[in-house]
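If you want the building blocks of each chain, they are given just below.
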Amino acid sequence: RIKPNNPIMSVQLKPKYCKDDKEITKIASFIKQITLEEISNEFSLNIMKGSVEVGFEEGKLKTFGFKIDKIIEALSAKLKNTLIKESKKGLSINVTGGSGNLSELYKIKEKAKKVVIRGVPGITQVVPSKRDGKVIILCAGSNLKEIIKMEEVDARTLTSNDIIEISNVFGIEAARQAIINEVSDVL
């Protein structure tokens, strides 16, 4: 298949980042794509002000180490014709262009929920584990181009079940070796 049904990637960290479990969890949280919906507990429409109010779960903000200004920055880059500012509950997304009617507010709310605040696009789940004294982060999803840019990742040990992506990123010889590895794993 050109795209596997269940793309999986195995990411091994460099030894200097494997000493502390908290550090490993933090690195894993930077790999997993996190949307605004995942760290929010409430989305409400304020028709009088023409805005969408977003409430946050304080525990998740602290756990993942989010700062409000970084969230505003990510939202501003993705949501056009909006003014985003901090409010009592969390954030207020105001419509700057347009009428600010109910259907427009609803569309902005739905777009805002899907905005990726942090992480590697395409990586939906991460599970850190230790094998033979090495830390490996198993990822549901694959994005080799973005993962190899991370300093903490050992690019020589990356594996994926997406052969076409391996070919595009590492070359045809790496794709051939990946096919051999997949066949020998099955047999």
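Shown above is the structure to which this text applies.
Below you will find a few notes about this structure. It should be emphasised that the depicted structure is a prediction, and the values quoted were computed from it without experimental measurement.

The rules behind the values
All residue numbers refer to positions counted from 1 along the written sequence of the respective chain. For this predicted model, a pLDDT threshold of at least 70 governs which residues receive local features, and a threshold of 80 or more governs which side-chain atom pairs are given and counted, while totals over whole chains, interfaces and linings are taken from all residues. As a rule here, side-chain values come from all non-hydrogen atoms in the structure, and water together with hydrogens is ignored. Salt bridge criterion: a side-chain nitrogen from Lys or Arg within 4 Å of a carboxyl oxygen from Asp or Glu. Comment: elements are numbered from the N terminus, with helices defined as DSSP H or I runs of at least four residues and strands as E runs of at least two. Accessibility here uses a 1.4 Å probe with only protein chains present; expressed as a share of the type maximum, an area under 20% marks a residue as buried, one over 50% as exposed, and anything in between as partly exposed. Strand pairing follows a simple DSSP-based rule, namely that at least 2 bridges must link the two strands. Here an angle of 0 to 180 degrees is reported between the N-to-C directions of two axes, which are lines fitted to C-alpha atoms, with helices fitted over the stretch in contact. With respect to orientation, any angle under 35 degrees is reported as roughly parallel, any angle over 145 as roughly antiparallel, any angle of 65 to 115 as roughly perpendicular, and every other angle as oblique. Helix crossings are classified by the rotation of the near helix relative to the far one: an anticlockwise turn of less than a right angle makes the crossing left-handed, while a clockwise turn makes it right-handed. Between two residues, a contact is recorded if the distance between any of their heavy atoms is within 4.5 Å. Polarity classes work like this: nonpolar for Ala, Val, Leu, Ile, Met, Phe, Trp, Tyr, Cys and Pro, charged for Asp, Glu, Lys and Arg, and polar for all others, with Gly in that last group. Under the pairing criterion, centres of Phe, Tyr and Trp rings, with the six-membered ring standing for Trp, must be within 6.5 Å; the plane angle then separates stacked pairs below 30 degrees from edge-to-face pairs above 60, leaving the rest tilted. Here, a charge over a ring means that NZ of Lys or CZ of Arg falls within 6 Å of the ring centre while also lying within 35 degrees of the ring normal. Patch membership requires more than 30% relative accessible area and the absence of a salt bridge. Residues of like charge join within 9 Å; the nonpolar side chains Val, Leu, Ile, Met, Phe, Trp and Tyr join within 5 Å. Per-residue and other accessible areas were derived by the Shrake-Rupley procedure at a 1.4 Å probe size, with only the shown protein chains allowed to occlude residues. Multiplying 1.5 Å by the residue count of a helix minus one yields the expected span of that helix. The arc in question is the one traced by the directions running from the helix axis out to the C-beta atoms.

Side note on the pattern of salt bridges
Point 1. Under the defined criterion, the tally for this structure stands at 9 salt bridges.
Point 2. In this structure, D162 engages K3 in a salt bridge whose closest nitrogen and oxygen atoms are separated by 3.4 Å. Within this pair, whereas D162 is found in the loop between strand 10 (159-160) and helix 7 (163-170), its partner K3 is found in the segment before strand 1 (8-12), the two being separated by 159 residues in sequence.
Point 3. For D162, a relative accessible area of 3% corresponds to the buried category.
Point 4. The salt bridge involving K109 is made with E110; its shortest N-O contact spans 3.8 Å.

Observations concerning the pairing of strand 1
Point 1. For strand 1, the buried fraction is high: 4 of the 5 residues fall into the buried class.
Point 2. In terms of strand pairing, strand 1 meets strand 9 (residues 134-140) through 5 bridges, oriented antiparallel. By the bridge assignment for strand 9, V11 is matched with I137.
Point 3. Note that strand 1 and strand 10 share 2 bridges and pair antiparallel.

Section: the packing of helix 7 against helix 8 (residues 172-186)
Point 1. In contact at an axis separation of 7 Å, helix 7 and helix 8 are set at 150° when each is read in the N-to-C sense. Between helix 7 and helix 8, the interaxial angle falls into the category roughly antiparallel. You can see that helix 7 and helix 8 cross each other, and the crossing is right-handed. Taken together, the residues of helix 8 that come into contact with helix 7 (itself represented by I163, I166, S167 and F170) are I172, A174, A175, A178 and I179.
Point 2. Of the residues assigned to the contact of helix 7 with helix 8, the class counts are 8 nonpolar, 1 polar and no charged.

Things to note about the packing of aromatic side chains
Point 1. A full pass over the atoms with the stated rule returns 0 aromatic pairs.
Point 2. The ring of F43 has K113 sitting right over it, with the charged end atom 5.5 Å from the ring centre.
Point 3. A cation sits over an aromatic face here: R118 above F66, 4.3 Å from the ring centre.

Focus on the sheet that holds strand 6 (residues 90-95)
Point 1. On the basis of which strands lie adjacent, the open sheet formed by 4 strands has the order 3-4-6-5 and antiparallel pairing. In this open sheet, the two edge strands, each paired with only one partner strand, are strand 3 (40-46) and strand 5 (82-86). The mean inter-strand angle of the sheet, taken between neighbouring strand axes irrespective of direction, is 20°.
Point 2. Sheet topology places strand 4 (residues 51-56) next to strand 6; 5 bridges connect them, and they run antiparallel. Bridge pairing in strand 6 places E53 opposite S92.
Point 3. The sheet contacts of helix 4 (residues 68-78) involve strand 4, strand 5 and strand 6, and relative to strand 5 the element is tilted by about 175°.
Point 4. Helix 5 (residues 102-114) contacts strand 3, strand 4, strand 5 and strand 6 of the sheet and is inclined by roughly 165° relative to strand 3.

Topic: a nonpolar patch on the surface
Point 1. A contiguous nonpolar patch, built from I179, V183, V186 and L187 and spanning about 450 Å² of accessible area, is present on the exposed surface.
Point 2. Looking at the secondary structure, you find V183 in helix 8.

Concerning helix 5
Point 1. Look at helix 5: 19 Å from first C-alpha to last across 13 residues, which is about the 18 Å you get at 1.5 Å a residue.
Point 2. Looking only at helix 5, the buried set comprises L105, I108, K109, A112 and K113. Buried residues in helix 5, looked at end-on, bunch into an arc of 140°, giving them a common side. Of the exposed residues in helix 5, the ones pointing more than 90 degrees away from its buried face are K107, K111 and K114.

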